[in-house]
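The lines below spell out each chain.
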Amino acid sequence: MKSATPKVLHEICGRSLVGHVLAASRELAPENLVVVVGHAREKVTAHLGVIDPAVRTAVQAEQNGTGHAVRMGLEELGGSVDGTVVVVCGDTPLLTGATLRQLAATHSADGNAVTVLTAEVPDATGYGRIVRDDVTGAVVEIVEHKDASEAQRAIREINSGVFAFDGQLLADALKKVRTDNSQGEEYLTDVLGILREAGHRVGASVAGDHREIAGINNRVQLAQARRILNDRLLTAAMLGGVSVIDPATTWIDVTVTFEQDAIVHPGTELHGSTHLGEGAEVGPNSRLTDTLVDAGARVDNTVSYSAHIGANASVGPFAYLRPGTRLGVKGKIGTYVETKNATIGEGTKIPHLSYVGDATIGEYTNIGAASVFVNYDGQAKHHTTVGSHCRTGSDNMFVAPVTVGDGAYTAAGSVITKDVPPGSLAVARGQQRNIEGWVARKRPGSAAAKAAETASRQAESED
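Residues numbered from 1 in each chain as written. Predicted model: local features only at pLDDT ≥ 70, side-chain atom pairs only at ≥ 80, totals over all residues. Heavy atoms only, no water.

A. How the structure looks around the side chain of T99. Here T99 lies in helix α4 (residues 97-110). Look at T99 and you get buried, because its relative accessible area is 6%. At 2.7 Å, the side chain of T99 forms a polar contact with the side chain of E212. Not counting chain neighbours up to four residues away, the residues in contact with T99 comprise L117, A207 and E212. (Helix = DSSP H or I, 4+ residues; strand = E, 2+ residues; numbered from the N terminus. Buried < 20%, exposed > 50% of the residue type's maximum accessible area, 1.4 Å probe, protein only. Polar contact = N/O pair within 3.5 Å; in protein donor to acceptor, adjacent residues only side chain to side chain. Contact = heavy atoms within 4.5 Å.)

Okay, structure coming up:
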């Protein structure tokens, strides 16, 4: 990956690679779930503690091969397990729970000692080939590409590296795995030959989509997997009644949810726990993270983090909703408006060019253009409260802590530093002074002076 981040911690569609594998594995409801960690194990273990605190870890201090890794995992469970052991790779984010359930079901139904998940691929170059018995269909061996004959290289069924084992037989076979190979490592695939030679059945379960078994080894493959998974998520959303206008430019996380008749316009990204209610419309060119959009709301060209947008509300274009924003039913956050930690009541509008931070605004209030809620004194944040049915003028500064009562008005250009009683008009600005002739005296010969002189002559002639 050429990265300071361990490979399995790279993310696609809102989860780390190992997070996707854990989610698929959890669909089997396993009695125990163990992750074998080695390289950068401190970072990986810390991440696992966040995403799945119940998972167990086994340390592979030296990376001595896949068989050795599985042996370390079994030792975490006491050395052997009664029942089925499913082994998966931590870098296969496209693997689904459905495919793992199919693998486990095939393993049980066929009475296999080991069942390998396989896939038929268009081009098997570089992959281990699955060689089957012509009569029984059982797996005879897995032959690596470099060791395969011409006939074997024509086989398109490949090994995924995902297996289901009889737990007791696996533990016994791992003790017999040798390291007399070019890498000097314990290969898990050697277990298949050991079990077959002992008279046990080795079977296979074929994945429906060969792309599920794709491992990630570089950032090109990471991007390809992201596109495949994103297409899978968008297809599910559209089949569930969501209109995605341009899937090619729409990106969503696995944790995003929708209700029917939601509409997603081009250039939109939906991340985290974002939810779109029935008939909600988002985009174009919007990025919503952990944001709840209620039914019928419209969000246009907006960036939003941890916000709640009420039903039939309107946001944007070019709005920025920061954490703690709560916009009420039929409310409006308009063009070039930024909000943070603000509760905005039903029907209240903040239409233009304003910042509202650390504030509570009541119902059906209108905040004038170019208003700023001055919430920070250099050391602490302070709160502003504006009541219901208020009308605040353009270019207002509300210097917190301050309260504007219900039904109050504030004049344009005011700096509000004191509480405004309900129903009052607050005017907080200096008196205007006109100094006549200033331009002619201070800027003689300028374009402004000439224009003023022309206007004066015209006014005199009209008089």
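And the narrative resumes.
B. How the structure looks around the layout of surface pockets. Roughly 210 Å³ of volume is contained in the second largest pocket. Around the second largest pocket, the lining comprises 14 residues; the ones closest to its centre are R15, E27, L95, T96 and R232. Counting only elements with at least two residues in the lining of the second largest pocket, the list comes to α1 (17-26), α4 and α8 (219-239). Grouping the amino acids of the lining of the second largest pocket by side-chain chemistry returns eight nonpolar, three polar and three charged. (1 Å grid on protein atoms, 1.4 Å probe; cavity = no way out; pocket = protein on both sides within 12 Å on 5 of 7 lines; lining within 4 Å. Points joined across faces, edges and corners; volume = space filled by probe spheres on them. Nonpolar A, V, L, I, M, F, W, Y, C, P; charged D, E, K, R; others polar.)

C. Layout of the pairing of strand β5 (residues 84-87). Taking every second residue as pointing to the same face, the buried face of β5 carries V85 and V87, while none of T84 and V86 on the other face is buried. With four bridges connecting them, β5 and strand β9 (residues 157-166) associate as antiparallel partners. Among the inter-strand pairings, T84 is bridged to a residue of β9, identified as D166. (Pairing = 2+ DSSP bridges.)

D. Summary view of the packing of aromatic side chains. As enumerated under the stated definition, the model contains four aromatic pairs in all. Relative to Y320, the ring of Y305 has its centre 6.5 Å away and its plane inclined at 80 degrees; by these criteria the two rings are edge-to-face. Residue Y305 is found in strand β21 (residues 302-305), and its partner Y320 is found in strand β24 (residues 319-321); the two are separated by 15 residues along the sequence. Residue Y305 is classed as partly exposed on the basis of its relative accessible area, which comes to 28%. Assessed through its relative accessible area of 33%, Y320 is described here as partly exposed. Both rings, one in F318 and one in Y336, keep their centres 5.4 Å apart while their planes meet at 15 degrees; by these two values the pair is stacked. (Phe/Tyr/Trp six-rings, centres within 6.5 Å; stacked < 30°, edge-to-face > 60°.)

E. Fine view of the pattern of salt bridges. Here the structure, examined in full by the defined rule, presents 14 salt bridges. Put simply, E338 and R322 hold a salt bridge, and the shortest N to O gap is 2.8 Å. Residue E338 is located in strand β27 (residues 338-344), and its partner R322 is located in the loop between β24 and β25 (326-327); the two are separated by 16 residues in the primary sequence. Put simply, K340 and D358 hold a salt bridge, and the shortest N to O gap is 2.5 Å. With K340 in strand β27 and D358 in strand β29 (residues 355-361), this residue pair connects regions lying 18 residues apart in the sequence. A residue is classified by how much of its surface remains accessible, and K340, at 10% relative accessible area, is buried. Residue D358 is classed as buried on the basis of its relative accessible area, which comes to 8%. Sharing partners across several salt bridges, the network here consists of R71, E75 and E186. (Salt bridge = Lys/Arg side-chain N within 4 Å of Asp/Glu carboxyl O.)

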